[in-house]
Amino acid sequence: MLFHVRMDVHIPQDLDPDVRADTLAREKAYSQELQRAGTWPHIWRIVGEYSNYSIFDVADNDELHTILSGLPLFPYMTIKVTPLATHPSDIALG
Ligand SMILES: O=C(O)C[C@H]1C=CC(=O)O1
């Protein structure tokens, strides 16, 4: 199942700089591992915002929730999930 996900990041200004750096490093490693596995095939920065649009390819809602709630930045994010269905005009369908 494919999901479109918007993540908006709101890291508190007063977060300890070492905690911030460690969290961002863990977030990058977590994200890139899922990208290499094909679970997170697209991630795009939204111009002018500390936000991204991503596509996830997972088995079901529960797998997506597990992945998203495991993001090191999860406590500092608001997340909007949109499930995607096949479009009947998609030329890939013939
Ligand atoms: O920067 C972001 O958009 C938040 C987050 C998502 C993946 C990642 O490495 O950082």
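See the structure shown above.
Every value quoted in this text rests on a predicted model; they were computed, and no experiment measured them. Within any chain, residue numbers begin from 1 and follow the written order of that chain's sequence. Predicted model: local features are reported for residues with pLDDT of at least 70 only, side-chain atom pairs are reported and counted for 80 or more only, and whole-chain, interface and lining totals are derived from all residues. Working from all heavy atoms in the structure, the side-chain values ignore hydrogens and water.

This part covers the site of the ligand. Taken together, V9, E27, K28, S31, W40, I43, R45, Y50, N52, L73 and M77 make up all the residues around the ligand. Any pair of nitrogen or oxygen atoms within 3.5 Å is treated as a polar contact; in protein, a donor-acceptor pairing is required on top of that, and neighbouring residues in sequence qualify only through side-chain atoms on both sides. Interatomic distance of 2.7 Å between a side-chain N/O atom of R45 and an oxygen atom of the ligand. Using the Shrake-Rupley algorithm and a 1.4 Å probe, accessible areas are obtained, with residue cover drawn only from the displayed protein chains. When the ligand is considered free in solution it has 280 Å² of accessible area, and contact with the protein chains removes 86% of it. Among the secondary structure elements, those contributing two or more residues to the shell around the ligand are helix 1 (17-37) and strand 2 (42-45). Being near a molecule or strand, for a residue, means having at least one of its heavy atoms within 4 Å of it. Secondary structure follows DSSP: runs of H or I at least 4 residues long count as helices, runs of E at least 2 residues long count as strands, and numbering of each begins at the N terminus.

A few words on helix 2 (residues 61-69). Each α-helix turn comprises 3.6 residues. Residues three or four places apart therefore point the same way. Remark: exposure states derive from per-residue accessible area (1.4 Å probe, protein chains only) relative to the maximum for the residue type, with buried under 20%, exposed over 50%, and partly exposed in between. Turning to helix 2, its buried residues are L64, I67 and L68. One side of helix 2 carries all its buried residues, which in axial view fall inside an arc of 95°. Residues of helix 2 that are exposed and angled more than 90 degrees away from the buried face: D62, H65 and T66. For this analysis, residues touch if any pair of their heavy atoms sits within 4.5 Å. Among the structural elements, strand 1 (2-9), helix 1, strand 3 (51-57) and strand 4 (77-84) are those in contact with the buried residues of helix 2. Summarising the geometry, the arc corresponds to the directions from the helix axis toward the C-beta atoms.

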